[in-house]
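Here is how the chains run, residue by residue.
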Amino acid sequence: MIDIIISHYNYWVVIMLMMAGFYTVISRGNLIKKITGINIFQTSVFLMYISIGYVSEGTPPIIAEGFTKYSNPLPHVMILTAIVVGVSTTALGLALVVRIKEAYGTIEEDEIHDQDMSL
Amino acid sequence: MIEQNFSLLLVVIPLIAAPVVAMLPNGRLPWLLVLVVTWLCLALASWQLSVVSDGDIISYELGGWAPPWGIEYRIDAMNAFVALMVSGIAAITVPYALRSVEKEIPRQQISLFYSAFLLCLVGLLGVAQTGDVFNLFVFLEISSLSSYILIAMGRERRALTAAYQYLVMGTIGATFLLIGIGLLYAETGTLNMLDLHQRLEPIIDHRTVHTGFAFIIVGIALKLALFPLHLWVPNAYKYAPSAISVFLAATATKVAVYIMLRMVFTVFSSDFVRTTPTHLIFLMLGIFGVVFASIIAIFQTDAKRLLAYSSVAQVSYMVLGMGLASALGVTATLIHMFNHALMKGALFMAIGAMVYRVGISRLEELNGLGRQMPWTFAAFFIAGLSLIGVPGTAGFISKWYLVLAALEQQSWFIALVIILGSLLSVVYLWKVVEVLWFYPATESGLSVKEAPVSLLVPMWALIFANIYFGINTELTVNVADTAVKLLGIPPYHE
Amino acid sequence: MSDQQLLLLAVFLPFAGAIGMLLCGRWPNLRESITLLTAAAVCSIVFTLYNHLSDGAQIAVNIAEPLPGLVIGFDVEPLGMLFALVASVLWLITSIYSIGYMREHHEQNQTRFYAMFAIAIGCTLGVAFAGNLLSLFLWYEILTIATYPLVAHAGTDEARRGARTYIGILLGTSIGLQLLAILITYTVTGTLDFREGGILAGKLDPAWAGLLFALFIFGIGKAAVMPFHRWLPAAMVAPTPVSALLHAVAVVKAGVFTVLKVTIYIFGTDFITRSGASDWLIWFAGGTILLASIIAMTQDNLKLRLAYSTISQLSYIVLGALLATHTSLLGGALHISMHAFAKITLFFAAGAILVAANKSNISEMGGLGRAMPITFTAFLVASLSIIGLPPFGGMWSKWYLGMGAVETGQFLLLTVLLVSSLLNIVYLLPVPVRGFFGQSSDGKTYTQIKEAPVSCLFAMMLTSLACLLLFFYPDPFYALAFDAAGGS
């Protein structure tokens with residue numbers, strides 16, 4: 001029983017990262033920290049995909065002499081695409097934060113909220 | 001054969017045009033290219049619909065790789081319907097955008113704006129055409145990212161925070177969708193929608209599959225602005241540039257409804273919906289959404305926010321149709337998807353025309369504008385009647401089917417909720433009508449002239465569409481019927 | 001020109017006329033001529049159709065099929081013909097009246113008024129000639145929307161509030177109750193056609209018939225059955241020609257017409273009597289008759305008094321429908337025409353008094369009859385018709401309604417009818433009596449006040465003459481009502 005739990009340690013990491021990231025997004029008021037939280041959240045998803053793509057006793061999916069068992073390349077491909085999406089989102093988010101800082105003078109959510117309400 | 005290429009061209013042409021537009025000098029040229037591209041897309045989408053409307057399927061393998069290994073574009077009646085809707089709204093919005101964008105976007109950003117617009121169109125059309133779930137995720141994110149940009153280009157600084165909030169919520173939604181897809185892939189090993197359906201059947205009771213399903217539903221619900229995950233909508237629609245409010249309100253959430261339909265009924269099945277609590281969740285959230293969003297709309301002091309909450313309520317109608325999980329119910333959802341795009345597009349165009357003249361959309365600033373801008377007001381009025389569901393308009397057809405679907409299943413409560421929603425929409429629409437017509441104009445308002453022709457013509461084109469599709473429903477009803485049959489949803493029987 | 005083209009022309013010519021009026025807004029005389037020409041044309045078309053109908057022609061035409069199996073179309077039958085005749089004749093007469101009234105009163109936005117008026121009449125004819133319940137509902141709703149600008153014409157705060165009540169109650173009842181009833185009918189029977197003997201017999205469990213019938217009766221808010229009656233007095237903020245034609249004739253008659261159509265052609269009289277669907281609804285109708293009469297007595301404002309009188313009279317017709325015998329239906333249908341001519345005269349007089357003497361409260365109208373004899377005589381004639389005394393047309397409809405109550409053994413209702421007639425005397429007769437024989441409230445005699453404008457007087461005299469003539473020659477209305485009632 002215990003060894004089943006320990007052998008699935010990567011999934012436990014996935015869950016912890018997912019929760020950490022999600023919590024950061026919700027609880028932190030700093031805009032950049034929110035984006036970081038999203039990044040952590042997405043990273044956990046990448047880990048999950050790669051974990052499910054692993055074929056036991058498989059090698060990395062590059063054709064080579066003498067190897068017949070390869071890990072599944074498709075999740076790797078999906079993750080690369082998802083990483084790209086994640087990077088674009090982060091870049092866009094950070095660009096927005098820069099513009100918000102220019103417009104509001106702060107990147108704390110509650111201060112921005114106060115500024116908006118006081119108009 | 002050539003048909004299949006056309007279906008791909010629908011996505012590729014705007015994709016190639018986007019960077020070209022970004023490189024054009026600012027001025028009218030970007031707009032012109034975008035106009036040509038969107039009208040071309042409309043032509044392709046109409047042609048596509050005419051091919052599949054009686055039940056045929058177009059199948060295109062990207063790169064020549066056969067499914068399920070390769071990505072497949074699989075067009076049936078429902079895809080073509082959504083593609084027609086998206087390209088139609090885009091084609092109508094671009095003429096509208098000429099003057100509206102010139103006023104609201106700084107000149108040096110115009111070509112970038114149109115480039116982002118084309119990217120958004122690419123994303124939405126890609127979602128509509130694809131038959132592969134991961135491809136769907138990618139295109140969804142393309143459209144979302146470009147809509148964050150487009151919203152952030154609004155005039156006020158709150159547009160930035162609105163875009164940021166949408167970004168955070170939208171990305172979480174998309175990531176949930178990704179998790180769900182991952183779990184399904186882990187169980188079946190395929191990403192092709194039809195293949196997934198076949199491979200899921202024997203293992204449909206696995207907990208992983210249910211978890212994947214739940215993640216997918218929540219993820220899409222965020223994109224769909226299903227109550228209570230709708231918080232990004234009011235600000236996003238309000239602070240976006242007027243042309244973008246029109247475009248997004250009429251397409252973004254509807255495409256998310258389409259994704260929900262695809263995932264729930266094609267990948268899974270209507271049996272799954274009925275045997276799990278899914279239909280109850282849809283029904284409950286739909287009911288809450290209709291009632292609460294309509295009530296909140298009544299108390300809004302800003303015209304665009306009011307319409308945004310109205311959109312949330314209307315989307316909840318569509319979810320109600322899904323929750324009824326019968327042929328008539330999903331037909332109602334599809335018809336309402338199309339009709340609502342027409343209605344909301346026209347409403348936002350009318351408000352946008354007023355914003356073009358006065359600069360603000362707060363109700364107090366719009367006092368008496370109806371008398372200064374009679375054509376715009378008449379357009380708003382008729383589109384409003386369509387939203388309420390007065391016979392002779394497209395909105396009546398949707399309401400008819402929805403209530404009929406509820407009555408078919410003896411769900412009196414749901415029928416009453418739908419009718420209550422109509423009554424509540426009378427209240428909040430009449431509030432705007434009264435402000436526009438009866439209240440004395442503000443000083444600055446008195447000098448306002450009617451909106452320019454380039455804003456009026458697309459508006460009235462949508463109004464005519466509303467009335468046309470309220471009287472001649474051949475297109476909408478037939479296509480919806482075919483789509484429902486292909487989704488494999490049986491008519492209701494006890 | 002074929003019958004079907006005539007039918008389409010009858011409904012759509014007013015809309016074309018409205019466009020013409022909007023275009024000619026800058027030339028008032030041209031605009032007024034267009035109004036009169038269109039009204040006269042529609043009147044003659046409707047009469048032609050009537051002649052063809054009485055020769056036995058079947059006139060029907062479909063224009064669209066928005067929902068599979070359900071068409072939007074027109075079909076001429078006796079009850080609809082009666083309503084169309086009333087509406088088209090009175091449109092012509094009201095147009096004559098309006099010209100005098102609007103000009104004398106220096107009303108604003110006259111073009112909008114005439115155009116929306118024409119559209120409203122077009123919708124009324126659409127209701128009259130509707131071929132199935134869906135078409136009727138379509139024109140019914142468009143009528144509500146089209147009359148909203150007319151009610152809110154003045155643009156004041158008071159007008160806005162009145163118009164809000166108007167649209168709130170009418171749309172609320174039509175979407176909340178009537179649409180639900182229509183959908184339930186469609187779900188149960190699979191059709192919305194009007195058929196002799198009704199479409200529900202055998203399809204609907206009689207226990208639910210009462211509930212469905214109630215949904216219809218209350219959902220048809222234009223029939224002003226209490227408690228959904230408040231829109232009528234609220235709509236009195238409109239200019240008097242609007243109140244006259246729309247709220248004494250077109251809008252309210254569209255309501256009771258729909259009630260009659262639903263009773264005869266959707267439910268069928270047999271089904272109603274067998275299932276007892278209307279047993280408890282009769283009390284609402286009877287209550288409305290009495291209560292509205294009592295409230296009318298307390299109103300000092302003439303238009304409001306007439307409004308409550310209309311509510312009471314409408315419930316006579318609703319009662320005729322609910323009793324569902326040949327005689328009561330005959331009385332109800334006949335009352336559509338009799339009440340229309342009489343009530344419109346009363347409103348014409350009220351408008352004339354407003355325009356010529358600037359008075360709207362009855363307490364201030366003492367002695368005014370001596371200065372405006374024609375107006376007050378018309379008022380007297382019309383009042384007697386409403387009360388139901390010979391030799392005026394109103395007597396026939398009250399007679400048949402009373403007979404219907406006797407036939408069904410509803411003697412309490414007969415008492416209600418008789419008491420209400422007495423109350424009619426109490427709240428209507430004092431106006432002309434005090435006008436002729438009373439003293440003015442400030443003791444002065446009226447030397448400055450002259451009679452109303454000529455076109456107003458002409459219109460009033462025509463309609464009051466009609467009240468008299470209809471006693472002696474109740475055809476074509478009697479024949480049409482008989483067919484409509486007997487056909488069930």
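Owing to the predicted nature of the structure, the values given are computational and were not obtained by experimental measurement.

Definitions and cut-offs
- Residues numbered from 1 in each chain as written.
- Chains lettered and ligands numbered in written order.
- Predicted model: local features only at pLDDT ≥ 70, side-chain atom pairs only at ≥ 80, totals over all residues.
- Heavy atoms only, no water.
- Patch = residues over 30% accessible without salt bridge, like charges linked within 9 Å, V, L, I, M, F, W, Y side chains within 5 Å.
- Areas by Shrake-Rupley, 256 points an atom, 1.4 Å probe, with all protein chains shown as cover.
- Salt bridge = Lys/Arg side-chain N within 4 Å of Asp/Glu carboxyl O.
- Helix = DSSP H or I, 4+ residues; strand = E, 2+ residues; numbered from the N terminus.
- Expected span 1.5 Å × (residues − 1).
- Buried < 20%, exposed > 50% of the residue type's maximum accessible area, 1.4 Å probe, protein only.
- Contact = heavy atoms within 4.5 Å.
- 1 Å grid on protein atoms, 1.4 Å probe; cavity = no way out; pocket = protein on both sides within 12 Å on 5 of 7 lines; lining within 4 Å.
- Points joined across faces, edges and corners; volume = space filled by probe spheres on them.
- Nonpolar A, V, L, I, M, F, W, Y, C, P; charged D, E, K, R; others polar.
- Buried area = accessible area lost by both parts, 1.4 Å probe.
- Polar contact = N/O pair within 3.5 Å; in protein donor to acceptor, adjacent residues only side chain to side chain.
- pLDDT = per-residue confidence, 0-100.

K.L.:
Where do I start with a nonpolar patch on the surface in this structure?
P.N.:
Residue and element names in this part refer to chain A. A cluster of nonpolar residues, M1, I2, I5, I6, Y9, W12, V13, I15, M16, M19 and L47, forms a patch on the protein surface that exposes about 1200 Å² of accessible area. If you list the elements that add at least two residues to the nonpolar patch, you get α1 (2-7) and α2 (9-27). With respect to the helices, strands and loops of the structure, L47 is situated in helix α3 (residues 31-53).

K.L.:
Quick question: what am I supposed to make of helix α16 (residues 374-388) of chain B here?
P.N.:
Residues lying three or four places apart along an α-helix face the same way, a consequence of the helix completing one turn every 3.6 residues. All names here are of chain B. Between its first and last C-alpha, α16 extends 21 Å over 15 residues, near the 21 Å set by a 1.5 Å rise per residue. A large share of α16 lies buried, amounting to 11 of its 15 residues. Turning to α16, its buried residues number three or more, namely T376, F377, A379, F380, F381, A383, G384, L385, S386, L387 and I388. Residue G389 follows α16 closely and has a positive phi angle near 105°.

K.L.:
Explain the environment of L446 of chain B to me, please; I cannot follow it from the model alone.
P.N.:
All names here are of chain B. Here L446 lies in the loop between α18 (412-437) and α19 (453-471). A relative accessible area of 56% places L446 in the exposed class. For the pair L446 and M343, spaced 103 residues apart in sequence, the C-alpha to C-alpha distance is 28 Å. In this view, L446 contacts Q372 and A441; residues no more than four positions away in its chain are not counted.

K.L.:
Explanation requested: the arrangement of the chains in the structure shown.
P.N.:
Where the 2 pairs of chains in contact are concerned, the greatest contact count is recorded for chains A and B. Between chain A and chain C there is no contact; the minimum C-alpha to C-alpha separation amounts to 31 Å.

K.L.:
I'm lost on empty space enclosed by the protein in this one. Help?
P.N.:
Where empty space is left can be seen by rolling a probe of water-molecule size over the atoms. Residues and elements named next belong to chain B. Within this structure, the stated rule accounts for 5 cavities of 30 Å³ or more. Taken as a whole, the largest cavity encloses approximately 90 Å³ of empty space. Considering the residues around the largest cavity, the lining is formed by C120, L124, L140, S143, S144, S147, Y166, K223, L248, A252, V255 and A256. Listing elements by their share of the lining of the largest cavity, those giving two or more residues are α4 (110-129), α5 (133-152) and α10 (242-267).

K.L.:
Where do I start with the layout of surface pockets in this structure?
P.N.:
In this structure, the largest pocket spans a volume of roughly 1900 Å³. What lines the largest pocket is a set of 48 residues, among which A378, F381 and I382 of chain B together with M116 and I119 of chain C lie closest to the centre. Ranked by residue count, the leading element in the lining of the largest pocket is helix α5 (residues 133-151) of chain C, at 8 residues. Of the residues that constitute the lining of the largest pocket, the class distribution is 39 nonpolar, 7 polar and 2 charged. Computed from the structure, the second largest pocket encloses a volume of approximately 1200 Å³. Forming the walls of the second largest pocket are 39 residues, and the residues nearest its centre are H113 of chain A together with R158, T161, Q165 and N235 of chain B. Only α2, α3 and α5 (109-117) of chain A together with α6 (158-188), α8 (207-224), α9 (232-239) and α13 (303-324) of chain B provide two or more residues apiece to the lining of the second largest pocket. Residue composition of the lining of the second largest pocket, by class: 23 nonpolar, 7 polar and 9 charged.

K.L.:
What exactly am I supposed to notice about the interface of chain C and chain B here?
P.N.:
It is common to give the size of an interface as the accessible area lost on bringing the parts into contact. Between chain C and chain B, the contact holds 31 residues from the first and 28 residues from the second. When chain C packs against chain B, close to 2600 Å² is buried across both sides, 81% of that on carbon and sulfur atoms. Taken together, the links from chain C to chain B amount to 2 salt bridges. Salt-bridge contacts for R160 of chain C lead to E434 of chain B; the nearest nitrogen and oxygen are separated by 3.4 Å. Where chain C packs against chain B, one counts 4 residue pairs in polar contact (both at pLDDT 80 or more). Listed by contribution, the elements that provide at least two residues to the side of chain C that touches chain B are β1 (60-67), α5 and α6 (157-189) of chain C. In terms of residue count, the dominant contributor to the side of chain C that touches chain B is α6 of chain C (14 residues). When the residues that make up the side of chain C that touches chain B are grouped by side-chain class, the tally is 22 nonpolar, 4 polar and 5 charged.

K.L.:
It is not clear to me how unusual backbone geometry should be interpreted in this structure. Could you clarify?
P.N.:
If a residue is not glycine, its phi is most likely negative; likewise, a peptide bond is most likely trans. At the junction of F227 of chain B and P228 of chain B, the peptide bond is cis and its omega measures out at 0° in the coordinates. Going from M226 of chain C to P227 of chain C, the amide bond is cis rather than trans, its omega being 10°. The phi dihedral of A225 of chain B is positive, around 60°, even though this residue is not glycine. By secondary structure assignment, the location of A225 of chain B is in the loop between α8 and α9. Within the chain, A324 of chain C stands out as a residue other than glycine whose phi angle is a positive 55°.

K.L.:
Any chance you could explain the side chain of K303 of chain C here in plain terms?
P.N.:
Residues and elements named next belong to chain C. Mapped onto the elements, K303 comes out in helix α12 (residues 302-323). Judged by its relative accessible area of 12%, K303 is buried. Side chain to side chain, K303 and S243 meet in a polar contact 3.3 Å long. Beyond its immediate stretch of four places on either side in the chain, K303 contacts M236, A238, P239, T240, S243, F347 and A350.

K.L.:
What am I meant to see in the confidence of the model for chain C here?
P.N.:
Detailed reading of the predicted coordinates is not advisable wherever pLDDT is low. Chain-level pLDDT for chain C is 84 on average; 98% of the residues reach the 70-or-more range. Predicted complex, confidence summary: ipTM 0.92, pTM 0.90.

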